Amino acid sequence: MSLEQDLVARAVQGDADAFSELYESNFDRVYRYLYVRLGNQAEAEDLTQEVFAKVLEAIGSFQWRNVPFASWLFRIAHNKMIDHIRREKRIDRDDSDETVLSLDDPDPAEIAEHNLQLEKVRHNIGRLSPAQREVIWLRFGAGLSTTEVASALGKSTGTVKALQYNGIASLRKLMEQPA
Amino acid sequence: MTDGLYELFDQYVDGLISGEETAVCVVRDLDLSEVLGPLLETSTLVVQQLGAVKPSPEFRQAARTRIRSLFFSRLARKESRPGLLFMWWQRRWVTAMATALVVCLAGMGLLAASVDSLPNGFFYPMKTATEQVRLTLALSDLDRAQLQLEFAECRLEEMTTMAGRGDSDTVVLLAGEVTQLIAQMCTGVLFESLDIDSEISEVLAAGSAAGSELSLEEALNTDRAGALQLLQVAMDSAPPELRPTIERLMSALSRDFDASISLIESSA
């Protein structure tokens, strides 16, 4: 049994320390995934909390069965986000606020520059095909491994690798186009 | 060939995500650097831009506190609502074990000795174990709620006594236990129709934050306010038989917290 499997098994049994460890190791990437998808800090914060509340509610029924924990977690995050978008009845792209991100260097000019660049990246990822952008969000936004992305999306690892390659190639072309 | 390229690119992306330098990646495969180089440059930009997105420390702290209190709130609810089969099994065996324990202890005079014991006393664990047995053996949800209130009142008395001895650490712990007992009662079957999970979470979160940020007096006042808030909500939908006990506990809360604060201050 791997370290993560052991941790998840303990969390499923209601072990507070194990749950806390899973929470801490996944919190930032769930927030990042939701933020880059929604482009809105307040919404990303609300949904991050909703995701972990859902995880807490459902973890008792989690069964390993070769599905990595991260895939299960990001399916919840993805579903929460889709529900949220449906509730808000809006298109899933380019709906950003002008939130100042938490950067290590608090220089306002640098933050503004970064926000502009981030918005450009987000905007162009939003123009990729749905399958390509979902792979890019999960791989680059959430930092999931190819196996985890494949499991979360119900695709083969080969397909995910192809989508990733072609997605980045298309993104490069889009980024080169004048704004 | 294409599959090999996808595979190789994926390995480089793995490296990038884990913080490896792109240049190092590309140099390793000079023949492919012309194809992969530009894509890795774009990948690096994406990793850098998206990777810099982080939750604010304030949100991280607030979310951590909320999920922790949710965790314990659910745990309390789960413990107060065991499955029917489990209840049957548990009651059957615990009755037998508890009876045997009580007979043995009563024979030795230990049970009586444990009733008045204090948190730092030798017999105290026996006292709390006996309370758990009584909760398990409670014949109805109303009886269980009565017992939880009775034990909360007992913790208040112990808190005042420990305050008189200047043991502020134990006072804070006991104040927290009072809130926990009341929260457990509120999440019981008797109050099922009462949707107060969020209030319980807030109260428990305020209590857990109190220990680290506030003075002892402020922390105790926070615990008292939280416990009173929960009791007030419970009072509105409590069965008539339970209301006098809730009222008595509300008076005891005001009285014993005041007494404890003043005793701790005078012993400081």
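## Let's talk about the overall build of chain A
For step 1, the next point in the chain: A tally of helices and strands in chain A yields 8 helices and 0 strands.
For step 2, the next point in the chain: Starting at the N terminus and ending at the C terminus, chain A contains elements arranged as α-α-α-α-α-α-α-α.
For step 3, the next point in the chain: Sequence-distant contacts in chain A: of pairs separated by 6 or more residues, those separated by 24 or more amount to 63%.

## Side note on the overall build of chain B
For step 1, the next point in the chain: A tally of regular secondary structure across chain B gives 12 helices and 0 strands.
For step 2, the next point in the chain: Each of the 268 residues in chain B was classed as buried or not, and the buried ones make up 31%.
For step 3, the next point in the chain: Residue pairs in contact within chain B that sit at least 24 positions apart in sequence constitute 67% of those at least 6 positions apart.

## A word on the packing of helix α7 (residues 146–153) of chain A against helix α8 (residues 157–176) of chain A
Residues and elements named next belong to chain A.
For step 1, the next point in the chain: For the pair α7 and α8, interaxial distance at closest approach is 9 Å and the crossing angle is 105 degrees. Taken together, the axes of α7 and α8 lie roughly perpendicular to each other. Where α7 approaches α8, its residues T146, T147, V149 and A150 are matched on the opposing element by T157, V160 and K161.

## Some words on the interface of chain B and chain A
For step 1, the next point in the chain: Contact residues are listed per partner, giving 31 residues for chain B and 38 residues for chain A.
For step 2, the next point in the chain: Elements with a contribution of two residues or more to the side of chain B that touches chain A: α1 (2–17), α3 (33–51) and α4 (57–80) of chain B.
For step 3, the next point in the chain: Tallied by class, the residues present in the side of chain B that touches chain A amount to 20 nonpolar, 4 polar and 7 charged.

## A look at the nonpolar core
As a rule of thumb, soluble globular proteins bury nonpolar side chains together.
For step 1, the next point in the chain: If you look at the biggest cluster of nonpolar residues, it comprises 60 residues, and the most contacted ones within it are Y33(A), L34(A), L73(A), F74(A), A77(A), L138(A) and V149(A).
For step 2, the next point in the chain: Ranked by the residues each element gives to this core, the list is headed by helix α2 (residues 16–38) of chain A, at 9 residues.
For step 3, the next point in the chain: The residues contacting L138(A), other than those within four sequence positions of it, are F74(A), L144(A), V149(A) and A152(A).
For step 4, the next point in the chain: The next biggest cluster of nonpolar side chains, apart from the first, holds 33 residues, and it includes L174(B), M185(B), L220(B) and L263(B).

## What about the confidence of the model for chain B?
All names here are of chain B.
For step 1, the next point in the chain: When pLDDT is averaged along chain B, the result is 77, and 70% of the positions lie at 70 or above.
For step 2, the next point in the chain: A low-confidence stretch, residues 82–89 (pLDDT under 50), is modelled with 2 contacts involving residues beyond four sequence positions or located in other chains.
For step 3, the next point in the chain: We note a pTM of 0.56 for the whole complex and an ipTM of 0.82 for its interfaces.

## Remarks on the environment of V35(B)
Residue and element names in this part refer to chain B.
For step 1, the next point in the chain: Counting through the fold element by element, V35 comes out in helix α3.
For step 2, the next point in the chain: The exposure class assigned to V35 is partly exposed, which follows from the 14 C-beta atoms found within 10 Å.
For step 3, the next point in the chain: Remark: the alpha-carbon pair of V35 and L5, spanning 30 residues in sequence, is separated by 9.3 Å.

## What about the environment of A259(B)?
Residue and element names in this part refer to chain B.
For step 1, the next point in the chain: Within the secondary structure layout, A259 lies in helix α12 (residues 243–267).
For step 2, the next point in the chain: Given 16 C-beta atoms within 10 Å, A259 falls into the partly exposed group.
For step 3, the next point in the chain: Sequence separation between A259 and G164 is 95 residues; the distance between their C-alpha atoms is 8.9 Å.

## Details of the packing of helix α1 (residues 3–12) of chain A against α2(A)
All names here are of chain A.
For step 1, the next point in the chain: Here α1 crosses α2 at 125 degrees, and the two axes come no closer than 7 Å. Taken together, the axes of α1 and α2 are oblique relative to one another. Helix-helix and strand crossings are classified by hand; for α1 and α2 the assignment is left-handed. From α1, L7, V8, R10 and A11 reach across to α2, where they touch A18, F19, E21 and L22.
For step 2, the next point in the chain: The class makeup of the residues in the contact of α1 with α2 is 6 nonpolar, no polar and 2 charged.

## Examining α8(A)
For step 1, the next point in the chain: With 20 residues, α8(A) ought to run about 28 Å at 1.5 Å a step, and its terminal C-alpha atoms sit 29 Å apart, in line with that.
For step 2, the next point in the chain: Taken residue by residue, α8(A) has V160(A), K161(A), A162(A), L163(A), Q164(A), Y165(A), G167(A), I168(A) and L171(A) as its buried positions.

## What about the confidence of the model for chain A?
All names here are of chain A.
For step 1, the next point in the chain: The share of residues in chain A with pLDDT of 70 or more is 85%, and the mean pLDDT across the chain is 84.
For step 2, the next point in the chain: The lowest-confidence element of chain A is helix α5 (residues 108–125), averaging 81 in pLDDT; the highest-confidence one is α8, averaging 94.
For step 3, the next point in the chain: Here residues 92–105 scores under 50 on pLDDT; set against residues more than four positions off or in separate chains, the count is 29 contacts.

## With respect to the environment of S18(B)
Residue and element names in this part refer to chain B.
For step 1, the next point in the chain: Relative to the elements of secondary structure, S18 occurs in the loop between α1 and α2 (22–28).
For step 2, the next point in the chain: The class of S18 is exposed, set by 9 C-beta atoms lying within 10 Å.
For step 3, the next point in the chain: Sequence separation between S18 and V47 is 29 residues; the distance between their C-alpha atoms is 9.8 Å.

What counts and what doesn't
- Residues numbered from 1 in each chain as written.
- Chains lettered and ligands numbered in written order.
- Predicted model: local features only at pLDDT ≥ 70, side-chain atom pairs only at ≥ 80, totals over all residues.
- Helix = DSSP H or I, 4+ residues; strand = E, 2+ residues; numbered from the N terminus.
- Contact = placed C-beta atoms within 7 Å.
- Buried ≥ 20, exposed ≤ 12 C-beta atoms within 10 Å, placed from the backbone.
- Axes fitted to C-alpha atoms, helices over the stretch in contact; angles between N-to-C directions.
- Parallel < 35°, antiparallel > 145°, perpendicular 65-115°, else oblique.
- Nonpolar A, V, L, I, M, F, W, Y, C, P; charged D, E, K, R; others polar.
- Core = buried A, V, L, I, M, F, W, Y, C linked by C-beta atoms within 7 Å.
- pLDDT = per-residue confidence, 0-100.
- Left-handed = near helix turned anticlockwise from the far one by under 90°.
- Expected span 1.5 Å × (residues − 1).

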